[in-house]
Amino acid sequence: MGYKTYICPTSKNCGGCETLAVPYPIQLERKQQQVEELFADIVDSGSDVLQPIVGMDEPVRFRNKAATPFAPGPKGTIRSGFFAKGTHRIVRCRSCLVEDERCRRVLDSFAKTSELCKVAAYDEDKGRGLLRHAVVRAGWKTDELLLTIVANGERLPRERELVKRIVKHAPDITAIALNTNVRKTNAILGPTSRPLYNGGVMHDQLLGVTFEIGPTSFYQTNPSQTEVLYRLAIEGAQLQAGMRVLDAYCGIGTIGLCAASQVDGLTVTGVELGKGAVADARRNARINGLDGQCRFVCADATAFMKDTAKRGERYDAVIMDPPRAGSTPEFLASILALAPRRVVYVSCNAVTQRRDLDQLLAGGYRIERLTPVDMFPHTKHVETVALLAKKRK
Ligand code: SAH
């Protein structure tokens, strides 16, 4: 059969794209089937509730983010690339099929500059040395590119001079931040960051809304498919001027801000547990002139929903995008108490979504549409958007 095959020189060692050997149309078919089976007893196979999965035209070079670990190599060299699957052995990365090419180029150049400037790489076993990781995020709709240097300390040697040389060797870089991680941990980023060049942030756009993204901001890694996902969620909520929307588990507010920019007089409340993400959401609201329409609350979504239900507040639509573990029975019970006309449930784990939907369906909602979106080609992950409407009494 004439399926196009994608070959990646690094995939054998890396293990990131675990289904790369499976032709892309078959990957999509499998994901579709998986969702179909999971929802078989609530979605009639003859109906048009389950929509065909939205895949990518060309599932390559979509990742807007790349990272490398560092370790000391022989004779003052620095090893960089990626950890070979299941190990902490660093393998050089000549190219990666799914990354934006600029990212890896910048990482390589930074490793070279650090080597020339004799900055010591971090030795995991001894807990000594400075450079632990580097992370690059590239704009999709902008040419901005943020390099985050993760160090086992708060300063780099001859910092100003070093920054000048890094930028000179990699002119694609538009900003640099230093993140400090002094813990013995596998987590890449530590809790604090400091700008080293040009504010230490980058900007990108989704559905015409500008987002400022820092070293620790949560930002989806496949921007073109993120637009597909957000469009489905926003259209599915059937928003009109003057409506009140709740964006629960909102991250840096991306879905709510995109919705508010499309509908005049919409008011959005975003709820998110992460303090940094809420600060990002508020700043992004201001940057886009949407702060009059959007407010962001830093709270546990369940506690917030219970309070909201108790106060008898009204929302016309709830958009929710919980983490893999899904939502909670109390959160869902509060939705039933608030009784918004529409609920849009965006999920990165169809199993927990299915569990949660059962509670909403039993409580008086019907499922109108269920659309799988392929955010992570060459992996087994699938994202789904479920649109629910309140049944008429
Ligand atoms: N809608 C956003 C983020 C989705 S990821 C986007 O598309 O970018 C899920 C988010 O839920 C994360 O930002 C996580 O910090 C947040 N979260 C996890 N548990 C939470 C809780 N109990 N209450 C509120 N937010 C929570």
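Residues numbered from 1 in each chain as written. Predicted model: local features only at pLDDT ≥ 70, side-chain atom pairs only at ≥ 80, totals over all residues. Heavy atoms only, no water.

What follows deals with the pattern of salt bridges. Side chains carrying opposite charge are able to pair once their charged atoms draw close together. One pass over the structure, following the stated rule, counts 22 salt bridges. Of the charged contacts, one joins arginine 194 and glutamate 159 as a salt bridge, the two residues approaching to 3.0 Å between their closest N and O atoms. On the criterion of sequence distance, the pair formed by arginine 194 in strand β8 (residues 192-197) and glutamate 159 in helix α4 (residues 159-169) is long-range, its members being 35 residues apart. Linking arginine 311 and glutamate 313 is a salt bridge whose minimum nitrogen-to-oxygen distance equals 2.8 Å. Counted as one network, the salt bridges with shared partners bring together Asp41, Arg354 and Asp358. (Salt bridge = Lys/Arg side-chain N within 4 Å of Asp/Glu carboxyl O. Helix = DSSP H or I, 4+ residues; strand = E, 2+ residues; numbered from the N terminus.)

This paragraph deals with the packing of aromatic side chains. All chains considered together, the criterion is met by two aromatic pairs. Ring centres of phenylalanine 70 and phenylalanine 110 lie 5.8 Å apart, and the angle between their planes is 65°; on these two criteria the pair is classed as edge-to-face. With phenylalanine 70 in strand β1 (residues 65-72) and phenylalanine 110 in helix α3 (residues 101-116), this pair connects stretches of sequence that are 40 residues apart. Taking the relative accessible area as the measure of exposure, phenylalanine 70 reaches 5% and is therefore buried. For phenylalanine 110, a relative accessible area of 1% puts it in the buried group. A centroid spacing of 5.4 Å and a plane angle of 50° characterise the contact between tyrosine 249 and phenylalanine 331, whose relative ring orientation is tilted. (Phe/Tyr/Trp six-rings, centres within 6.5 Å; stacked < 30°, edge-to-face > 60°. Buried < 20%, exposed > 50% of the residue type's maximum accessible area, 1.4 Å probe, protein only.)

On to the domain arrangement of the protein, then. Assigned domains of the protein: these are domain 1 (12-58 + 222-390) and domain 2 (65-208). Centre-to-centre, using C-alpha coordinates, domain 1 lies 32 Å away from domain 2. Of the residues lining the interface, 17 residues belong to domain 1; the matching set on domain 2 comes to twelve residues. In total, about 1200 Å² of surface goes out of reach between domain 1 and domain 2, with carbon and sulfur atoms giving 73% of it. It is Asn13, Pro223 and Glu227 in domain 1 that bury the most area against domain 2; as a group they hold 40% of the surface buried on that side. Here domain 1 is connected to domain 2 by zero salt bridges. One can count two residue pairs in polar contact (both at pLDDT 80 or more) joining domain 1 with domain 2. Breaking the side of domain 1 that touches domain 2 down by element, the ones donating at least two residues are α1 (11-14), α5 (223-236) and α6 (254-262). The dominant element in the side of domain 1 that touches domain 2, judged by the number of residues it contributes, is α5, at seven residues. By residue class, the composition of the side of domain 1 that touches domain 2 is seven nonpolar, eight polar and two charged. (Domains from an automatic or database assignment. Contact = heavy atoms within 4.5 Å. Buried area = accessible area lost by both parts, 1.4 Å probe. Polar contact = N/O pair within 3.5 Å; in protein donor to acceptor, adjacent residues only side chain to side chain. Nonpolar A, V, L, I, M, F, W, Y, C, P; charged D, E, K, R; others polar.)

Before going further, it helps to spend a moment on the site of the ligand. Around the ligand, a shell composed of 15 residues is seen, among which Tyr230, Glu272, Asp300, Ala301 and Asp321 lie nearest. Alanine 301 has a polar backbone atom sitting 2.8 Å from a nitrogen atom of the ligand. Protein contacts shield 81% of the accessible area of the ligand, which totals 580 Å² for the unbound molecule. (Near = heavy atom within 4 Å. Areas by Shrake-Rupley, 256 points an atom, 1.4 Å probe, with all protein chains shown as cover.)

With that out of the way, let us pick up the nonpolar core. In terms of nonpolar packing, the biggest core is built from 47 residues, with Met320, Phe331, Ile335 and Ile367 touching the most fellow members. Here this core gathers at least three residues from each of two domains, domain 1 (12-58 + 222-390) and domain 2 (65-208). Sequence-distant contacts of isoleucine 335, defined by excluding residues within four places in its chain, comprise Met305, Val318, Met320, Pro340, Val343, Leu360 and Tyr365. The next biggest cluster of nonpolar side chains, apart from the first, holds 44 residues, and it includes Met202, Val209, Tyr219 and Ala285. (Core = buried A, V, L, I, M, F, W, Y, C linked by side-chain atoms within 4.5 Å.)

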